[in-house]
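A look at the structure
Okay, here's what each chain looks like letter by letter:
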Amino acid sequence: MNSTDLKSSVSALYDPEINRTFGELGMISKAEVQANGTPVVEVELPTPAYPGRERISQAIQSLVSQKWPGSPAAQVSFTWMVRGKDSGGKIGLRIKNVIAVGSGKGGVGKSTTSAMLAYGLKSFGAKVGLMDADVYGPSIPHLCGASGQPEMVEHRGPDGQVVPRIQPIEKNGVKLLSMGFLVKEDQAVIWRGPMLHKLLTQFLAQTDWGDLDYLIIDLPPGTGDVSLTLSQLLGLAGAVIVCTPQKVALLDAVKAISMFNQVKIPVLGIVENMTGEIFGRGGAKDQAVKSNIPFLGEIPINASVRVLGDEGRIADLFKEDSPVREPMLQVCQTIAMQVAKSLLETPELPSLEIL
Ligand code: ADP
């Protein structure tokens, strides 16, 4: 066995989650046979939320023991680098993947799911931002226990001009921005279309998001105008639709799918929230199959979600021994993998070289 053999054999294995070889996915960052004969393989995962580390490790171990009987056991280690569509590139942002979270109607837990998704991806180690585009009922600051006024910081633009930029408010390691930071809680805000467009543009292009792996956007329920603006400004990784298991709620999910189709935002799939005795279970899965879109998992109905949300401690769902922690982490993994897969299904066009 030599390093070249090892690399080509390992590269020909199929990734257990994405139906391509490790070689095609560019996931083998190192394959070396050490002086004492130990094969050392380093695998670079496309997201820290990758669910199949153990299976990869086993596949490499058994390849080595079958192909080179008697060789020392392979040492397999993992690194990660989030792959993305450069979602914010059009407007000068360094955000790999923007994921919009929408629903056909209010009250299904869309904002709660957005916040759980942001903190869940953060708990795997990703750099995450959460933007509240639900300008009519901004609930992200409350759910995350964040308050205060975002600061304006002056930056030098490319031509030396001074450009003011909004600093998001960081809470428990996630960068947050919401209309809720800018108006009083009891103040109603009436937005006309062009103002809304301008505000969202500021929230994106004139905000210091820094380098992010994922920016989660909590959309207002139903209507398409916010989605249309986002679709114009960003190359979204896609939209996640949240719905509850009941039939009536599912009809709204179908409307949401059609809305995203109209504004050309790819749908990553449906999440069923509040699964359990009260509302039933499985409706969203059936609907996903019928609509031919991926099902992204179930979040159980559980009082701790409401309590932690009410107390501004949604991030604690991932610290404490919460019954929602595991299912929510699984939903985060499925969404992150769906993003990684969609990237391969719609490969980026090669950039034009200017001669
Ligand atoms: P939306 O953004 O769709 O209007 P919210 O996220 O504000 O919905 O959630 C509506 C209510 O449902 C909130 O009180 C929230 O705490 C509660 N809720 C959301 N998801 C769950 C869940 N999985 N279990 C229990 N309560 C939930």
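No experiment lies behind these values; they were computed from the predicted model shown. Per chain, residue numbering runs from 1 following the sequence as it is written. For a predicted model such as this one, the threshold for reporting local features is a pLDDT of at least 70, and the threshold for listing and counting side-chain atom pairs is 80 or more; totals across whole chains, interfaces and linings nevertheless cover every residue. Side-chain measures here rest on the full set of heavy atoms in the structure, leaving out hydrogens and waters.

Things to note about the domain arrangement of the chain
How far each domain reaches was decided by an automatic or database domain assignment. Assigned domains within the chain: domain 1 (3–80) and domain 2 (89–345). Taking only C-alpha atoms, the centre of domain 1 and the centre of domain 2 are 35 Å apart. Pairs of residues are marked as contacts when any of their non-hydrogen atoms sit within 4.5 Å. Of the residues lining the interface, 11 residues belong to domain 1; the matching set on domain 2 comes to 12 residues. Take the accessible area each of two parts loses on contact, using a 1.4 Å probe, and add the two losses: that sum is the buried area. For the pairing of domain 1 and domain 2, the buried interface totals around 940 Å² over both sides, and the portion due to carbon and sulfur atoms is 72%. Looking at the side of domain 1 facing domain 2, the largest losses of area belong to Ile18, Pro48 and Ala49, adding up to 42% of the total buried there. Here a salt bridge means any side-chain nitrogen of Lys or Arg lying within 4 Å of a carboxyl oxygen belonging to Asp or Glu. In this assembly, domain 1 and domain 2 are joined by 0 salt bridges. The definition of a polar contact used here is a pair of N or O atoms within 3.5 Å, where within protein one atom must be able to donate a hydrogen and the other to accept one, and adjacent residues in sequence count solely through side-chain atom pairs. Counting the contacts that link domain 1 with domain 2 gives 2 residue pairs in polar contact (both at pLDDT 80 or more). Gly is placed with the polar residues, together with every amino acid not listed as nonpolar (Ala, Val, Leu, Ile, Met, Phe, Trp, Tyr, Cys and Pro) or charged (Asp, Glu, Lys and Arg). Here the residues of the side of domain 1 that touches domain 2 sort into 8 nonpolar, 1 polar and 2 charged.

Quick notes on the environment of Gly145
In this description a helix means any DSSP run of H or I spanning at least four residues, a strand means any run of E spanning at least two, and both kinds are numbered starting from the N terminus. Tracing the sequence through the fold places Gly145 in the loop between helix H5 (140–144) and strand E6 (152–156). On the accessibility criterion, Gly145 (35% relative accessible area) is partly exposed. Linking Gly145 and Ile314, residues 169 residues apart in sequence, is a C-alpha distance of 8.1 Å. In this structure Gly145 touches Lys171 and Gly312, once residues within four positions along its chain are discounted. Relative accessible area decides the class of each residue, using a 1.4 Å probe on protein chains only: under 20% of the type maximum gives buried, over 50% gives exposed, and in between gives partly exposed.

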